[in-house]
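# Survey of secondary and tertiary structure
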Amino acid sequence: MKKILIGVIITLAALLIFRSCNEDSKRKTILKENSMLIEQQLQNVSKLIVTEGHFAEVYNYRDSQQLFGDLITSNKKALVVVNVDASIAYDLSKIKYELDEARKTLHILSIPEPEIKMNPDFEYYDVSADYLNPFGAEDYNKIKRNVKASLRKKIDASSLRSNAENRLMSELAQFYVLTNSMGWTLLYEERTVENLNDFFQNNLD
């Protein structure tokens, strides 16, 4: 009788251990599958998000030089019309993140800076210069630098940048939806993202 009781106890203990190991294995499998799903989602959005726009600029260039003291003033000028196709892109393959399966967290460490590209087309009108103050390569380079700086300010003040940021946020919001549906926690920098509005706010700060 004693041997039978011991056998029953050993059998029950073995079943409990087996059941516990089996459940633990299932939990690890689910965590691994969830982790792989998140990794796949990150790869799916690892592409350039591009917003394009067109800008125009009319630039009056003038340069005067005093020669022989104040005896002679030598002038040169040009009217420049510039049309530019601009784009703002985010290379999401450069997102830095960490996956913690034990804590079930996706931690987005950093988002790449926007890449602003401009393809200006310069047209020069009414170019004139005095013999003693001719147009040279430096003048054309100076015009290009000034126009590009002016266009950059226009782009920054336009809706092009905000449209690009909105498109970026809509892509990144997929991470919140995915992690939330699986019971994971999404962190951006050092803050927990608890809802979509919070996620947008974190990125606007």
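Scope of this entry: the structure provided in the associated data block.

What counts, and at which threshold
- Residues numbered from 1 in each chain as written.
- Predicted model: local features only at pLDDT ≥ 70, side-chain atom pairs only at ≥ 80, totals over all residues.
- Heavy atoms only, no water.
- Helix = DSSP H or I, 4+ residues; strand = E, 2+ residues; numbered from the N terminus.
- Expected span 1.5 Å × (residues − 1).
- Buried < 20%, exposed > 50% of the residue type's maximum accessible area, 1.4 Å probe, protein only.
- Arc of directions from axis to C-beta.
- Phe/Tyr/Trp six-rings, centres within 6.5 Å; stacked < 30°, edge-to-face > 60°.
- Lys NZ or Arg CZ within 6 Å of the ring centre and 35° of its normal.
- Core = buried A, V, L, I, M, F, W, Y, C linked by side-chain atoms within 4.5 Å.

## Points about helix 2 (residues 137-157)
With 21 residues, helix 2 extends 31 Å between its outermost C-alpha atoms, agreeing within 8% with the 30 Å of an ideal straight helix rising 1.5 Å per residue. All of the buried residues along helix 2 are Asp139, Ile143, Val147, Leu151 and Ile155. Burial along helix 2 is one-sided: seen end-on, the buried residues are contained in an arc of 135 degrees. With respect to the buried face of helix 2, the exposed residues turned more than 90 degrees away are Ala137 and Lys153.

## Quick notes on the packing of aromatic side chains
For any two aromatic rings, the description comes down to two numbers: the centre-to-centre distance and the angle of the planes. A complete count under the given rule lists four aromatic pairs for this structure. Ring geometry for Tyr124 against Tyr140: centres 5.1 Å apart, planes inclined by 80 degrees, an arrangement best described as edge-to-face. Separated by 16 residues along the polypeptide, Tyr124 in strand 5 (residues 115-129) and Tyr140 in helix 2 bring together distant segments of the chain. The class of Tyr140 is partly exposed, set by a relative accessible area of 30%. Ring geometry for Phe135 against Tyr140: centres 5.6 Å apart, planes inclined by 45 degrees, an arrangement best described as tilted. Ring-pair connections join several aromatic residues into one group, and the members of that group are Tyr61, Phe122, Tyr124, Phe135 and Tyr140. Positioned above the aromatic ring of Phe135 is the side chain of Lys76, whose terminal nitrogen or guanidinium carbon lies 5.8 Å from the ring centre.

## Re the nonpolar core
Core analysis: the biggest nonpolar cluster contains 37 residues, and Leu168 and Phe175 have the highest contact counts within it. Elements represented by at least two residues in this core include exactly helix 1 (2-44), strand 1 (48-67), strand 2 (72-91), strand 4 (105-110), helix 2, helix 3 (159-181) and strand 6 (185-188). Counting residues per element, this core draws most heavily on helix 3, which supplies eight residues.

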